[in-house]
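Coordinate analysis (summary)
Spelled out, the chains give:
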2 protein chains.
Amino acid sequence: MYRTHTCGQLRLENVNEKVCLSGWVQKIRNLGAMSFIDLRDRYGITQLVVEESATAEIKDKAARLGREFVIQVNGKVVERASKNAKIPTGDIEIWIDTLDILSHSEIPPFTIEDNSDGGDELRMKYRYLDLRRSIVRKNLELRHQMAHLVRNHLDNEHFMEVETPVLIKSTPEGARDFVVPSRMNQGQFYALPQSPQTFKQLLMVAGFDRYYQIVKCFRDEDLRADRQPEFTQIDCEMSFVERDDVLNIFEGMMRHLFKELKGVDIPELPRMTWHDAMEYYGCDKPDIRFGMKFVNLTDNARNRDFAVFNDAEYVGAICVPGCAVYTRKQLDELTEFVKRPQIGAKGLVYVRYNEDGSLKSSVDKFYTPEDLKNWAEICQAKPGDLLLLLCGPKNKTLPQLSELRLEMGERLGLRDKNVFKPLWVVDFPLLEWDEETQRFYAMHHPFTSPHPEDVDMMESNPGAVRANAYDMVINGVEVGGGSIRIHNTELQSRMFKCLGFTPEQAQKQFGFLLNAFKYGAPPHGGIAFGFDRLVSIFAGLDSIRDTIAFPKNNSGRDVMIDSPSEISDEQFKELGIELKL
Amino acid sequence: MYRTHTCGQLRLENVNEKVCLSGWVQKIRNLGAMSFIDLRDRYGITQLVVEESATAEIKDKAARLGREFVIQVNGKVVERASKNAKIPTGDIEIWIDTLDILSHSEIPPFTIEDNSDGGDELRMKYRYLDLRRSIVRKNLELRHQMAHLVRNHLDNEHFMEVETPVLIKSTPEGARDFVVPSRMNQGQFYALPQSPQTFKQLLMVAGFDRYYQIVKCFRDEDLRADRQPEFTQIDCEMSFVERDDVLNIFEGMMRHLFKELKGVDIPELPRMTWHDAMEYYGCDKPDIRFGMKFVNLTDNARNRDFAVFNDAEYVGAICVPGCAVYTRKQLDELTEFVKRPQIGAKGLVYVRYNEDGSLKSSVDKFYTPEDLKNWAEICQAKPGDLLLLLCGPKNKTLPQLSELRLEMGERLGLRDKNVFKPLWVVDFPLLEWDEETQRFYAMHHPFTSPHPEDVDMMESNPGAVRANAYDMVINGVEVGGGSIRIHNTELQSRMFKCLGFTPEQAQKQFGFLLNAFKYGAPPHGGIAFGFDRLVSIFAGLDSIRDTIAFPKNNSGRDVMIDSPSEISDEQFKELGIELKL
């Protein structure tokens, strides 16, 4: 037996017990006659003591220990003279009777403590050591807990977990697939799923009624800072539901998670239309932890001789509370911020609404104090506030103003990671026009149902048709999205027509799903949550990487196992492929 | 709203309630003035009634219904005149007020009832319809329940669920990998995992202490009747454990599953050594639902003039209860059975121990009645029993006798699918000698620890070293297997030497794990269960295929989605590969 207790378990009530512990040497303090060892495992840290009266053998072994050695000790639980209130085992220590070294350790390439001296690449290469740091392990523990809570919650709601296949079929629409050459069917390939979308719809056709799965998905995309080629979804689908049935179930799930994991009671989630999200926040995933909603000043700003505004399609403002005191330098900084190529604004107009009631702006030449006062009133500004205005083509200015709003939220400390403001964004457009190919694309996917009120416009004004689709957004991050699906072959045909598919093309790409719909498809809809992302928000992380045990780097490489790698000639031959670089 | 209740929910206490139901038309009986519709969903079947007094519109709609139409009805719950005790809703029916057709259905390609007229291929092609059959869906429901119970049980035991990567690295040892060409690292490939073995060991090195995952694994093997290229494991690993710690935990899990899912109390699992399993059952996965243990008659059979026995290395018998009455024809059949090429015995010797105490054998010419009596006594045969003897080289005869034993168990109805007899088989050999390559191979994998008592023989007599490995066997099927792993670099080097690896080869193939072991590896061990297999045993299925929602056929094809399939020139180009058939 390697242990009677874990390193996080012993308390004052165990004093005088003979115990056996195993774990890693976190730290050793040698005080001459005595030495202290912090023994660590997943559950905590317990202090071991090699007393002055210990045997020479034990003292000798203790002297040879280094950080990260794995040891086993037998000893007695003793109340500490000087207690450590910072750790749950801090009231006691173990006086060692025997000490065995189970494994040696070389000196680790970085310190295994919360503040490590290891750089990113080094910690990725030695990920198994990085995972020993409690700050990293805690994220994985949270992930485990969240998965467990999600499963139990959905099981209670009669969702059935069904595993869908990983070796599926490549489809030309959407993002790039990873493919897998088939040896038994040479010249043919499987693809790894970007999502189990069609399979979960088939499960609805099969009458499974409520399906869920926490499932790996794959996308062969050029990786941006926070993307992984393999990622995990909480994937769900329900039959005989309308939009609000889906929203209510998953709003319930999310409130349950916040309550259990963060101890937070989340009120009913606001539902914001996509149109309002764009109009008032300039993006489809608004961060509503703070205000500064956009105010459309177009009509009120184009009434004087200021050509910049007069020529603009749109003039929008945000009212930044308490920032009238911003210096010229600070305002110049903001101007530089919005003019950065990633944002691309031409310039920034400000209006200081001073505490004394006076107004001072960068466009005083063109506008009277009454004009400015009028703007301030429309923006519901109070003395001490600062108005910031951007202008230009509306579809460009809205996202620019969004970036500025988020920056101001950041500067004012209004984006607290411990505050959670989830909401639903609903009524997305069904279709997106692509200038290059001169056709509409499905904003979500071709099986998303149009909004019931807009079906009649599918032919006459397809660009204006809303989708019966919804996203859940938390603190400016889209954590999940879904839709009510089309379950009716006739409506599906009209959708394909909108997308410019011939019936033959539709059949070729989605034949098995269309065929399934011929045999009695129930009305159905669902949602998928990005599980990595959800964990990162609950953990207060900026990146999803530390929510994943063994992540890949930005080139899609696992630097720990050194993958991808070359394969043998034998493998090429068996698969019937060769390189052509 | 599509429904107030499911089709499995309504009872007598709901009589007179106005309800709304949705589901599939299972059956329609038109009795002229009235008609009856069986409405089906995942939860059950409810009888709907179109009364004589129904409106013409409803009658008209009902007349147009066909099997598998999806409909929604509003109506009143009424107590049935003639109740149906076979279904939970059989006391009531719904008198329809309104009827809406939500989806039409073409005539399904096979009948959607427990006894379907659809052949295998047809049902695979229309798997979404096959899954509507309650007999098929129930297997998936059982799978869901089992996964749920496993997760909750392991969570209670402090196992952490950790997702290991799917895009990993190809390793030359073991079965064939599926590989995935990398677009971002052209010329290089990921591999899909055959198991998360190395990652779970790394998680132990990382201090995760107890890990589990219900996880897809992949093996590109030529598919036998009951193999799938993707399959699911319950994969587990524990730190600071010895063999019995692992056995106790997972024996507990299995007992929990039997109790919850089958209502069966399973007693403590017997532990049988691999040696005994081979000696007494002729295989490493004995079916212990019945006796007929092998009796070694070699010494007692080689004492007369029967050259066949005298030349044989081994003569073994089973005692088949109550079969002395077997006719010559039946015995000839058994002889044919053991002589089939798949089994390969040269012949069969029988001894009838008649009810009157007389003995009659096929070798009466060579043996006296006393000889036969002696055999019968050694075999603990009773009057009425039949002895069956096979002989030959021991390593060939044992498996032949095993097949014969299983066949006799089958004929005597001793292999009842509702009886469950799990056991542990322990102390497997560590190494297997391969004649062709003239080297030892790891029977399990190169990280399996030798039995603590046998470590000293690793160099002097490697073939005799037992592994600290174990399998769980239920009813003659291996459902899980694992081992205590090597965690010590010195022992690992000796193991690699046994396998004929140079240090360089070991480093190249398993370098990242060996490196990890340098930084303090805890003693650890684990197990993996074949989840599909486990479900099939609990469901009483012969094949794993119906435990999988969307299985592949014996050529690795998904005939429903028609995969694998060709990919585009664009995809070949991006991946830097081309076909070479």
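Refer to the preceding data block for the structure.
Since we're looking at a predicted model, the values are computed, not measured.

In this section: unusual backbone geometry. Residue and element names in this part refer to chain A. With omega at 5°, the peptide bond leading from Ser-563 into Pro-564 counts as cis. With respect to the element layout, Pro-564 can be found in the loop between helix H16 (531-539) and helix H17 (569-575). At Gln-438, a residue that is not glycine, the phi angle is positive and equals roughly 55°. Within the element layout of this structure, Gln-438 appears in the loop between strand S18 (431-434) and strand S19 (439-442).

This part covers the interface of chain A and chain B. Contact residues are listed per partner, giving 123 residues for chain A and 124 residues for chain B. Taking both partners together, chain A and chain B bury about 11,100 Å²; carbon and sulfur atoms supply 58% of that area. Three residues, A:Glu163, A:Phe240 and A:Tyr519, lead the burial of chain A against chain B; their summed loss comes to 8% of the area buried on that side. For the pair chain A and chain B, the number of links is 14 salt bridges. With its nearest N and O atoms 2.7 Å apart, the salt bridge here joins B:Glu161 to A:Arg151. Summed over the shared surface of chain A and chain B, the result is 77 residue pairs in polar contact (both at pLDDT 80 or more). Per-element tally for the side of chain A that touches chain B: the top contributor is helix H4 (residues 134-156) of chain A, with 10 residues. When its residues are assigned to classes, the side of chain A that touches chain B shows 62 nonpolar, 29 polar and 32 charged.

Attention now goes to the sheet that holds strand S4 (residues 70-79) of chain B. All names here are of chain B. In spatial order, the strands read S1-S2-S3-S5-S4; together these 5 strands close into a barrel with mixed pairing. The average angle at which neighbouring strand axes cross in this sheet is 55°, direction not considered. Across 7 bridges, the pairing between strand S2 (residues 34-41) and strand S3 (residues 44-50) is antiparallel. In the strand pairing of S3, Arg-40 is matched with Ile-45. Those strands touched by helix H1 (residues 56-64) are S2, S3 and strand S5 (92-103), and its axis lies near 70° from that of S5.

What follows deals with the relation of the copies chain A and chain B. Each copy superposes on the other: chain A lies on chain B with an RMSD of 0.1 Å after a rotation of 180° and an axial shift of 0.0 Å. In the structure described here, the two chain copies are related by an operation that fits a two-fold rotation axis. Of the interface residues in chain A, 100% have counterparts in chain B that sit at the interface too, so the contact is made through matching surfaces.

Attention shifts here to the pairing of strand S20 (residues 469-474) of chain B. Consecutive side chains of a regular strand alternate in pointing toward one face of the sheet and then the other. Residue and element names in this part refer to chain B. Burial of S20 is extensive: 6 of the 6 residues sit out of reach of the surface. By the alternation rule, side chains of S20 split into Ala-469, Asp-471 and Val-473 and Tyr-470, Met-472 and Ile-474, which are all buried. Pairing geometry for strand S17 (residues 422-426) and S20, over 5 bridges, is antiparallel. In the strand pairing of S20, Val-426 is matched with Tyr-470. Across 6 bridges, the pairing between S20 and strand S21 (residues 477-484) is antiparallel. Bridged to Asp-471 within S21 is Gly-481.

Residue and element names in this part refer to chain B. When you line up the elements, Ser-134 lands in helix H4 (residues 134-156). Look at Ser-134 and you get partly exposed, because its relative accessible area is 25%. It is 15 Å that separates the C-alpha atoms of Ser-134 and Gly-540, two residues lying 406 residues apart in sequence.

With that out of the way, let us pick up H16(A). All names here are of chain A. A large share of H16 lies buried, amounting to 7 of its 9 residues. Of all the positions in H16, only Phe-531, Asp-532, Leu-534, Val-535, Ser-536, Ile-537 and Phe-538 are classed as buried. Positive backbone phi, approximately 70°, marks Gly-540, located one or two places after H16.

This part is about the pattern of salt bridges. Following the criterion strictly, the structure yields 106 salt bridges over all chains and no others. Between A:Arg133 and A:Asp130 there is a salt bridge whose closest N-O contact spans 2.8 Å. Taken as a pair, A:Arg133 and A:Asp130 share a single burial class, namely buried. Between B:Arg466 and B:Asp427 there is a salt bridge whose closest N-O contact spans 3.6 Å. Residue B:Arg466 is found in the loop between helix H13 (457-460) and S20, and its partner B:Asp427 is found in the loop between S17 and strand S18 (431-434); the two are separated by 39 residues along the sequence. Among the residues examined, B:Asp427 registers a relative accessible area of 11% and is labelled buried. One connected set of salt bridges, linked through shared partners, spans A:Arg243, A:Asp244, A:Glu251, A:Arg255, A:Arg271, A:Asp427, A:Glu453, A:Asp454 and A:Arg466.

Right, let's talk about the packing of helix H7 (residues 274-281) of chain B against helix H12 (residues 394-411) of chain B for a bit. Two numbers describe a pair of packed helices, the interaxial angle and the distance between the axes. Residue and element names in this part refer to chain B. Running from N to C, H7 and H12 cross one another at 65°; their axes reach a closest spacing of 8 Å. Here H7 is positioned roughly perpendicular relative to H12, judged by the angle of their axes. Taken together, the residues of H12 that come into contact with H7 (itself represented by Met-278, Glu-279 and Tyr-281) are Lys-394, Leu-398, Ser-402 and Arg-405. Class assignment of the residues belonging to the contact of H7 with H12 gives a composition of 3 nonpolar, 1 polar and 3 charged.

Now for the side chain of B:Arg210. Inspection of the secondary structure puts B:Arg210 in strand S9 (residues 210-218). Buried charge without a partner: B:Arg210 forms no salt bridge, and the closest opposite charge is B:Glu157, 4.0 Å away. A distance of 2.8 Å separates a polar atom in the side chain of B:Arg210 from the backbone oxygen of B:Glu157. Excluding residues that lie within four positions of it along the chain, B:Arg210 makes contacts with A:Arg42, A:Tyr43, B:Glu157, B:His158, B:Phe159, B:Met160, B:Met204, B:Glu237, B:Met238 and B:Ile249.

Glancing now at the pairing of strand S10 (residues 230-239) of chain A. All names here are of chain A. For S10, a buried count of 10 out of 10 residues is recorded, marking the element as mostly surrounded by other parts of the structure. Of the two faces of S10, the one holding Glu-230, Thr-232, Ile-234, Cys-236 and Met-238 and the one holding Phe-231, Gln-233, Asp-235, Glu-237 and Ser-239 are both buried throughout. Of the strand pairs in this sheet, strand S9 (residues 210-218) and S10 are connected by 9 bridges, and their pairing is antiparallel. From the neighbouring strand, Val-215 faces S10, where its bridge partner is Gln-233.

Residues and elements named next belong to chain A. Running from N to C, helix H14 (residues 489-498) and helix H15 (residues 503-517) cross one another at 165°; their axes reach a closest spacing of 11 Å. Classified by the angle between their axes, H14 and H15 sit roughly antiparallel to one another. Here the hand of the crossing between H14 and H15 comes out right-handed. Here Thr-489, Gln-492 and Phe-496 of H14 lie close against H15, whose contacting residues are Ala-506, Phe-510, Leu-514 and Phe-517. Taken together, the residues of the contact of H14 with H15 sort by class into 5 nonpolar, 2 polar and no charged.

In this structure the tally under the stated criterion is 0 disulfides over all chains. This cysteine, A:Cys379, is not joined by any disulfide, and A:Cys319 carries the nearest cysteine sulfur, 6.3 Å off. A disulfide-free cysteine, B:Cys217 has its sulfur positioned 12 Å from the sulfur of B:Cys236, the nearest such atom. Judged by its relative accessible area of 0%, B:Cys217 is buried.

A word on the sheet that holds S10(A). Strand order in the open sheet formed by 8 strands is S6-S9-S10-S22-S21-S20-S17-S11 (chain A), with mixed pairing between adjacent strands. Single-partner strands in this sheet number two, and they are strand S6 (160-161) and strand S11 (271-273) of chain A.

This paragraph deals with the environment of B:Ala56. All names here are of chain B. When you line up the elements, Ala-56 lands in helix H1. The exposure class assigned to Ala-56 is exposed, which follows from its relative accessible area of 63%. With 236 residues separating them in the primary sequence, Ala-56 and Met-292 have C-alpha atoms 70 Å apart.

All names here are of chain B. Every buried residue of helix H11 (residues 369-378) is accounted for by Asp-371, Leu-372, Trp-375 and Ala-376. For H11, the buried positions fall inside an angular range of 140° around the axis, keeping them on one side. Residues of H11 that are exposed and angled more than 90 degrees away from the buried face: Pro-369, Glu-370 and Glu-377. In the stretch just after H11, Gln-380 is the one whose phi turns positive, near 55°.

Conventions we followed
Residues numbered from 1 in each chain as written. Chains lettered and ligands numbered in written order. Predicted model: local features only at pLDDT ≥ 70, side-chain atom pairs only at ≥ 80, totals over all residues. Heavy atoms only, no water. Helix = DSSP H or I, 4+ residues; strand = E, 2+ residues; numbered from the N terminus. Contact = heavy atoms within 4.5 Å. Buried area = accessible area lost by both parts, 1.4 Å probe. Salt bridge = Lys/Arg side-chain N within 4 Å of Asp/Glu carboxyl O. Polar contact = N/O pair within 3.5 Å; in protein donor to acceptor, adjacent residues only side chain to side chain. Nonpolar A, V, L, I, M, F, W, Y, C, P; charged D, E, K, R; others polar. Pairing = 2+ DSSP bridges. Axes fitted to C-alpha atoms, helices over the stretch in contact; angles between N-to-C directions. Least-squares fit on C-alpha atoms with pLDDT ≥ 70 in both. Buried < 20%, exposed > 50% of the residue type's maximum accessible area, 1.4 Å probe, protein only. Parallel < 35°, antiparallel > 145°, perpendicular 65-115°, else oblique. Lys, Arg positive; Asp, Glu negative; His and termini not counted. Left-handed = near helix turned anticlockwise from the far one by under 90°. Disulfide = S-S within 2.5 Å. Arc of directions from axis to C-beta.

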